[in-house]
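Summary of structural features
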Amino acid sequence: MATSCCSLVSLYGLFLRRLFHSAGLKPKLISVDDETTLHCWVPLSTSNKPSLLLIHGFGPSATFQWRYQVRPLAHFFNLYIPDLVFFGKSTTKSSQRSEVFQSRCLAKMMDKLGVDRFSVAGTSYGGFVAYHLAKICEEVVEKVVIASSGVNRRRRHNAELTERAKVGSVSDLMLPATATRLRTLIGLSVFKPPRLMPNFVLNDVINSLYMQNREEKLELLIGITLGKDGDDVHISPLKQDVLIVWGEYDQIFPLENAYELKALIGEKVWLEVMKKTSHVPQIEHPKKFNEIVKNFLLVHPTSSM
């Protein structure tokens with residue numbers, strides 16, 4: 001669906017593009033194979049700084065989800081910030097829809113860009129992708145950050161989430177089609193939702209950010225492999241150092257998932273619980289989030305294992 005030139009969200013999107021440009025990044029379309037093309041923000045020029053791949057979650061494209069990270073982290077890293085398949089300008093002719101497919105596309109993209117070593121950070125759905133990318137590229141991915149991402153999800157968690165949200169399905173929540181549904185999603189995603197959320201603004205957000213490739217995004221939700229096999233967790237540990245960042249009041253993936261994930265995902269795992277924060281810590285408390293991630297990647301983990 002085309003967006004109006006008077007759309008506040010579209011105008012904000014233009015501002016975000018300028019923000020990314022000002023951080024020393026440029027947009028690039030990368031044909032990772034004969035079927036798939038990814039849109040990614042890449043450095044104008046690389047330096048001897050370490051490389052960091054930021055993977056967004058379900059919902060808006062990368063510029064909206066990493067807007068508070070791009071300038072602070074660009075000082076310390078060569079940043080690569082892609083739109084996942086069917087988000088932004090990233091497309092595929094493939095019939096594959098799993099998060100494993102997303103991770104393979106990113107692996108090909110980084111290879112095409114000539115990045116032979118990098119760390120990865122993923123939030124929510126992007127954490128699923130980051131987990132699989134770390135598995136398939138063990139010799140390439142150096143460190144892993146998983147933020148607010150129930151990699152250890154079970155099938156029952158979907159039922160619990162829909163009950164909290166009072167919706168019929170996860171797709172009703174994650175792909176809101178009405179202002180009421182988007183208001184519910186925001187209420188579950190942030191610790192302190194905005195008091196004033198007019199319907200015309202919410203409808204603008206829906207039309208600008210949630211309508212593009214809507215059917216394909218529904219297929220992505222259905223295609224998630226993690227948690228499909230009933231109430232058993234089928235994940236194997238990662239070999240890399242792993243940082244888990246979680247909001248104390250996350251209502252999409254409750255905090256208990258973070259503690260279990262920490263016990264399951266590897267031997268060198270650190271957990272940072274952010275106070276008075278829900279599902280999007282990189283947006284709710286970006287300064288704290290950025291400092292946690294930077295210290296983990298550049299110095300050493302500071303919290304107890």
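A brief structural summary.

The rules behind the values
Residues numbered from 1 in each chain as written. Predicted model: local features only at pLDDT ≥ 70, side-chain atom pairs only at ≥ 80, totals over all residues. Heavy atoms only, no water. Helix = DSSP H or I, 4+ residues; strand = E, 2+ residues; numbered from the N terminus. Rg over C-alpha atoms; globule rule 2.2 N^0.38 Å. Contact = heavy atoms within 4.5 Å. Areas by Shrake-Rupley, 256 points an atom, 1.4 Å probe, with all protein chains shown as cover. Lys, Arg positive; Asp, Glu negative; His and termini not counted. Charge placed at Lys NZ, Arg CZ, Asp CG, Glu CD. Phe/Tyr/Trp six-rings, centres within 6.5 Å; stacked < 30°, edge-to-face > 60°. Buried < 20%, exposed > 50% of the residue type's maximum accessible area, 1.4 Å probe, protein only. Lys NZ or Arg CZ within 6 Å of the ring centre and 35° of its normal. Expected span 1.5 Å × (residues − 1). Arc of directions from axis to C-beta. Polar contact = N/O pair within 3.5 Å; in protein donor to acceptor, adjacent residues only side chain to side chain. Patch = residues over 30% accessible without salt bridge, like charges linked within 9 Å, V, L, I, M, F, W, Y side chains within 5 Å. Salt bridge = Lys/Arg side-chain N within 4 Å of Asp/Glu carboxyl O. Pairing = 2+ DSSP bridges.

Looking at the overall build of the chain
Secondary structure summary: the chain contains 13 helices and nine strands in total. Since a compact globule built from 305 residues should have a radius of gyration of about 19 Å, the 18 Å found for the chain is in line with a globular shape. Dimensions of the chain along its principal axes, counting C-alpha atoms only, are 45 × 40 × 40 Å. Taking the contacts inside the chain whose residues are at least 6 apart along the sequence as the reference set, 73% of them involve residues at least 24 apart. Accessible surface, the chain as shown: approximately 13800 Å² in total, 52% of it carbon and sulfur. Across the chain, the mean location of the 37 positive side-chain charges is 7 Å away from that of the 29 negative side-chain charges.

Regarding the packing of aromatic side chains
Across all of its chains, the model carries nine aromatic pairs by this definition. Seen in terms of ring centroids, Phe58 and Tyr125 are 5.4 Å apart; in terms of plane orientation they differ by 90°. Their pairing is edge-to-face. With a gap of 67 residues between them, Phe58 in the loop between strand S3 (51-55) and helix H2 (62-65) and Tyr125 in helix H5 (residues 125-136) connect regions that are remote in the sequence. Neither Phe58 nor Tyr125 differs from the other in exposure class; each is buried. Between Trp270 and Phe296, the ring centres sit 6.3 Å apart and the planes meet at 55°, which makes this aromatic pair tilted. Here Trp270 is found in strand S9 (residues 269-274), whereas its partner Phe296 is found in helix H13 (residues 286-298), with 26 residues between them in sequence. Take Trp270 and Phe296: they sit in the same class, and that class is buried. One aromatic cluster is present, formed by Phe58, Phe87, Tyr125, Phe128 and Phe253 through successive ring pairs. The ring of Phe296 has Lys143 lying over it, and the distance from NZ or CZ to the ring centre is 5.0 Å.

Quick notes on helix H1 (residues 8-22)
One full turn of an α-helix is made of 3.6 residues, so residues set three or four places apart face in the same direction. Helix length check: H1 (15 residues) gives 21 Å between terminal C-alpha atoms against 21 Å at 1.5 Å per residue, within 8%. Val9, Gly13, Leu16, Leu19 and Phe20 are the residues of H1 that are buried. In a view along the axis of H1, the buried residues occupy a sector of 115°, so they form one face of it. Where H1 begins, the capping side chain belongs to Ser7, and its oxygen is found 3.3 Å from the backbone nitrogen of Val9.

Let's talk about a nonpolar patch on the surface
Where nonpolar side chains cluster on the molecular surface, the patch consists of Leu8, Leu11, Leu14 and Phe200 and spans about 440 Å² of accessible area. Its place among the elements puts Leu8 in helix H1.

Observations regarding the pairing of S3
Two faces, one strand: in a regular strand the side chains alternate between the faces of the sheet. Most of S3 sits inside the fold, with five of its five residues counted as buried. Every second residue of S3 is oriented toward a common face, with Ser51, Leu53 and Ile55 on one face and Leu52 and Leu54 on the other, all of them buried. Note: S3 against strand S4 (residues 78-82), three bridges, orientation parallel. Bridge pairing in S4 links Leu53 to Tyr80. Sheet topology places S3 next to strand S6 (residues 118-123); four bridges connect them, and they run parallel. Opposite Leu52, over in S6, you have Ser119 as the bridge partner.

A look at the pattern of salt bridges
Between side chains of opposite charge, a pair can form as their charged atoms come close. Following the criterion strictly, the structure yields nine salt bridges and no others. Of the charged contacts in the structure, one is a salt bridge between Lys108 and Asp33, with a shortest N-O distance of 3.0 Å. Of this pair, Lys108 sits in helix H4 (residues 99-112) while Asp33 sits in the loop between strand S1 (25-31) and strand S2 (36-43), and the two are 75 residues apart along the sequence. We note a salt bridge from Glu291 to Lys294, for which the minimum N-O separation is 3.6 Å. Taken together, the residues span about one helical turn, with Glu291 and Lys294 both in helix H13 at a distance of three residues. Among the residues examined, Glu291 registers a relative accessible area of 38% and is labelled partly exposed.

Quick notes on the environment of Val151
Topologically, Val151 is positioned in the loop between strand S7 (141-147) and helix H6 (155-165). A relative accessible area of 1% places Val151 in the buried class. When the C-alpha positions of Val151 and Gln282 are compared, they lie 18 Å apart, and in sequence the two are 131 residues distant. The contact partners of Val151, leaving out residues within four places of it in the chain, are Gly127, Phe128, Tyr131, Ile146, Leu226, Ile235 and Leu261.

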